[in-house]
Amino acid sequence: MSNKMWGGRFADGPDAIMEDINASIDFDRHLYRQDIAASKAHAAMLGKRGIISANDAAKIAQGLNTILSEIESGKLTFKRALEDIHMNIESRLAELIGPAAGRLHTARSRNDQVATDFRLWVRATIDAIDAALLAYQQALAEKALEHAATVMPGFTHLQTAQPVTFGHHLLAYVEMAARDRGRFKDARKRLNESPLGAAALAGTAFPIDRAMTSDALEFDRPMANSLDAVADRDFVLETLAAASIAAVHLSRFAEEIVIWTSPLTGLLTLSDRFTTGSSIMPQKRNPDAAELVRAKTGRIVGALQGLLMVMKGLPLAYQKDMQEDKEGAMDALSALSLSIAAMTGMVRDMAPDAARMRAAADGGYATATDLADWLVMTLKMPFRDAHHVTGRIVAKAAADGVALHDLPLPAMQAIEPRITQAVYDVLSAENSVKSRVSYGGTAPKNVRREANRWLKALVPRFRSS
C-alpha cells in the first residue's frame, strides 16, 4: 500500500529498492532536535495567527515534547518505511494526539522543513567547532609561551633554512586556526536566515508570520525568496569549504608531528596516550593519532567535492538530489571535530627534545643568511655580493666538514679579508633567533609577546608572564 503520509495520489507502495534509495532516516535522524524545535515554532505561529486552534497548537507542542523525550531516552524506534525524520516524528505525533497532528504541516512543506532543520544543525555544529578550535589555539599558545626560546631549525623545501624557535613555529598554527574560525564565523552569518514558511517553493496563501518563526529559532531574518529558500545549499558548501581548509591546516601539522617523532629526527615525543604499538614489532611507537588526522582530511575535502557535484546541474527549486547534502556533511564535520580534539590533545602531550632541536638548528649551515646580513651591515657590501661571498664560505666549510661557526677566521679571510672575529657573534643559532626582531619574526621576545596576546584574547582572565 502507498505511504500514508503522502500517498493519496498512489495506488501501490514503492518497490523495496525504491524504498531503500529514497529513505534518509539512517542519517537525518540526527536532525531530530532541530526538527522538533522548528515544528514547535511553526505550530505556535499557526496558533497565534488563528490558522489552527490554540487547543490544537497546545496538543502539538505537548506531543512534540513527549517525542523529544522518547528519542533522547531511546524509546522511539525509527521506521525506514516512513523515509525521514520528519515523517517519523509526524507519524508518532499522530499516534500520541490523534487528528490534531495532521494540522502541523499546514503552510509548510518538507522542502522548507528540511532546509530549516539542516541550517539549525549546521549552525550548532559551527558553534561547537569554533569552541574546539579555540581550545586548540589555547593549547598551542600555552606551549608556544613555554618554548618561546627553544631553538629549532626552520625549513623550506624540507631543507634546513634558518633557525627559528619552537614557540614561533607553533604560533603559525594559532594564526591558521584564527583564519579558520573567521571562515566558519562568516559561513554562520550567511546561513542564519530562515527558510521556514517558503513551503514547497512558492510560499503559501495562509496568513503566516515568518518573522515570528524566524525569531523563535534565533535566525536573523526570514529568507527573502521562496525558491532560493528551498533550493539553496550554499550554507553547507561554505561550511564544508571552511572545514576543508581547517582540515588541511591540521593535516600539515600532523605531517610535521609524524616527521618530528621519527627516530630519524627525534625532535619531539608523544606519550602512550597518543601513540600505538605494533602487533609484531615490540619496539614500535607509532604516531597513529597524527596519521589519522592527516588521512581524515581526504574525507572532509571529499564531502565538499561530492556536494559541489550534486549541486552543479540542479535547476530551481528543490530536487531529490539534495537529500545527498546531509550524510557527507555530517560525516565530514564529525571527522573535523574529532581531528581538532586529537590535535589539541597531541599539542598538550608533545614533549620537544630541546637539545636535539638545538643541535639540528646548527646543521645545514642555517646561519648563512646571518653571515650575509653581517657582511651587508658591517662591511657595507651589496647584498648580492654578500650572498656570493657567503656561498663561497659555506662551500669551504662543507669541504672541510665543519659547521659554519667552527670555520677558522683565516679561512674566511682568505675569501673576504675584511671579515673580523666579530662575525662569530652572529653565527650561533641563539643569536640568530634573537636578532629576528622584525614584526612577526622569531625572536623569543616577539614569541612571548604574541603568545601572551593570544592567551589574553582566548582566555580573558589570563595574566601575561
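The shown structure was predicted, so the numbers you read here are calculated from the model rather than taken from an experiment.

A. Spotlight on the overall build of the protein chain. In terms of regular secondary structure, the protein chain is built from 18 helices and six strands. Here the protein chain holds 465 residues, and 49% of them are scored as buried. In the protein chain, the share of contacts with a sequence separation of at least 24, taken over all contacts with a separation of at least 6, comes to 75%. Per element, the accessible surface of the protein chain, about 22300 Å² overall, is 55% carbon and sulfur. Of note, the protein chain has its 55 positive side-chain charges centred 4 Å away from the centre of its 54 negative side-chain charges.

B. Representation of the packing of aromatic side chains. Applying the stated criterion to the full structure yields four aromatic pairs. Seen in terms of ring centroids, phenylalanine 166 and tryptophan 260 are 6.1 Å apart; in terms of plane orientation they differ by 65°. Their pairing is edge-to-face. Here phenylalanine 166, found in helix α7 (residues 166–191), pairs with tryptophan 260, found in helix α10 (residues 234–261); they are 94 residues apart in sequence, far enough to count as distant. Each member of the pair, phenylalanine 166 as well as tryptophan 260, is classed as buried. Here the aromatic rings of tyrosine 173 and phenylalanine 253 are separated by 4.4 Å at their centres, their planes lie at 15°, and the arrangement is stacked. Remark: phenylalanine 253 occurs in helix α10 and tyrosine 173 occurs in helix α7; sequence separation between them is 80 residues. On the accessibility criterion, tyrosine 173 (5% relative accessible area) is buried.

C. The arrangement of the nonpolar core in detail. In this structure, Tyr136, Phe253, Leu336 and Met346 are the most contacted members of the largest nonpolar core, which totals 95 residues. Among the elements that make up this core, the one with the highest residue count is α10 (14 residues). Setting aside anything within four residues of it in sequence, one finds methionine 346 in contact with Ile257, Leu270, Phe274, Ala289, Ala290 and Val293. In this structure, Ala368, Val423, Tyr424 and Leu427 belong to the second largest nonpolar core, which totals 22 residues.

D. Focus on the pairing of strand β2 (residues 159–165). In terms of strand pairing, strand β1 (residues 151–156) meets β2 through five bridges, oriented antiparallel. Looking at β2, one finds that proline 153 is bridged to proline 163. In sequence, β1 turns back onto β2 through a hairpin of two residues, with histidine 157 there showing a positive phi of about 60°.

E. Fine view of the packing of helix α6 (residues 110–146) against α10. For the pair α6 and α10, interaxial distance at closest approach is 11 Å and the crossing angle is 25°. In terms of orientation, α6 and α10 fall into the roughly parallel class. The two elements α6 and α10 cross, and the hand of that crossing is left-handed. The segment α6 lies against α10, with Ala115, Phe118, Arg119, Val122, Ile126, Tyr136 and Leu140 engaging Phe235, Val236, Thr239, Leu250 and Phe253. Residue classes in the contact of α6 with α10 are distributed as ten nonpolar, one polar and one charged.

F. Molecular detail of unusual backbone geometry. For the peptide bond that leads from leucine 316 to alanine 317, omega is 10°, which places it in the cis range. Tracing the sequence through the fold places alanine 317 in the loop between α11 (288–311) and α12 (325–349). We note that glutamate 83 has phi near 75°; this positive angle belongs to a residue other than glycine. Along the chain, glutamate 83 falls in the loop between α4 (54–72) and α5 (85–97). For glutamate 83, a relative accessible area of 6% translates into the label buried. Phi is positive for lysine 380, close to 55°, though the residue is something other than glycine. Mapped onto the elements of the fold, lysine 380 is located in the loop between α14 (368–379) and α15 (383–400). Lysine 380 sits in the exposed class, given a relative accessible area of 66%.

G. Spotlight on a nonpolar patch on the surface. Taken together, the side chains of Leu201, Leu227 and Leu316 present a nonpolar region at the surface, about 270 Å² in accessible area. By the secondary structure assignment, leucine 316 is in the loop between α11 and α12. Exposure remark for leucine 316: the relative accessible area of 63% places this residue in the exposed category.

H. Fine view of the side chain of serine 251. The residue serine 251 is located in helix α10 in this model. On the basis of relative accessible area, serine 251 is assigned to the buried category, the value being 13%. Ignoring any residue separated from it by four or fewer positions in sequence, one finds serine 251 in contact with Arg294 and Thr297.

I. Representation of α14. The first and last C-alpha atoms of α14 sit 16 Å apart over twelve residues, in line with the 16 Å expected at 1.5 Å per residue. Tucked into the core, α14 has its buried residues touching α15 and α17 (429–435). Immediately beyond the C-terminal end of α14, within one or two residues, lies lysine 380, with a positive phi of roughly 55°.

Criteria and thresholds
- Residue positions are given per chain, counted from 1 along the sequence in the order it is written.
- Totals for whole chains, interfaces and linings use all residues, but because this is a predicted model, local features are given only for residues with pLDDT of at least 70 and pairs of side-chain atoms are given and counted only at 80 or more.
- With hydrogens and water stripped out, all remaining heavy atoms of the structure feed into the side-chain values.
- Counting from the N terminus, the helices are the DSSP runs of H or I reaching at least four residues and the strands are the DSSP runs of E reaching at least two.
- Only protein chains enter the accessibility calculation, which uses a 1.4 Å probe; a residue whose area is less than 20% of its type maximum is buried, one above 50% is exposed, and one in between is partly exposed.
- Between two residues, a contact is recorded if the distance between any of their heavy atoms is within 4.5 Å.
- Using a 1.4 Å probe, the Shrake-Rupley method yields the accessible areas, and only the shown protein chains count as cover for residues.
- As used throughout, the charge tally considers Lys and Arg to be positive and Asp and Glu to be negative, leaving His and the chain termini uncounted.
- One atom stands in for each charge, and that atom is NZ of Lys, CZ of Arg, CG of Asp or CD of Glu.
- Only Phe, Tyr and Trp rings take part, Trp by its six-membered ring, and two of them pair if their centres are within 6.5 Å. Stacked means planes under 30 degrees apart, edge-to-face means over 60, and tilted covers everything else.
- Nonpolar cores are built from buried Ala, Val, Leu, Ile, Met, Phe, Trp, Tyr and Cys residues. Side-chain atoms within 4.5 Å join them into one set.
- Note on pairing: DSSP must find at least two bridges between two strands before they are called paired.
- Lines are fitted to the C-alpha atoms to define the axes, a helix being fitted only along its stretch in contact, and any angle between axes, read from their N-to-C directions, falls within 0 to 180 degrees.
- If an angle is under 35 degrees, it is roughly parallel; if it is over 145, roughly antiparallel; if it lies from 65 to 115, roughly perpendicular; otherwise it is oblique.
- For any pair of crossing helices, the crossing counts as left-handed if the nearer helix is rotated counterclockwise from the farther one by less than a right angle, and right-handed if it is rotated clockwise.
- Gly is placed with the polar residues, together with every amino acid not listed as nonpolar (Ala, Val, Leu, Ile, Met, Phe, Trp, Tyr, Cys and Pro) or charged (Asp, Glu, Lys and Arg).
- Distance thresholds for patches are 9 Å for like charges and 5 Å for nonpolar side chains (Val, Leu, Ile, Met, Phe, Trp, Tyr), applied to residues having over 30% relative accessible area and no salt bridge.
- Salt-bridge detection follows one rule: a side-chain nitrogen of Lys or Arg within 4 Å of a carboxyl oxygen of Asp or Glu.
- By definition here, a helix of n residues has an expected span of 1.5 Å times n minus one.

Note that all results are geometric; they support no functional claim without further evidence.
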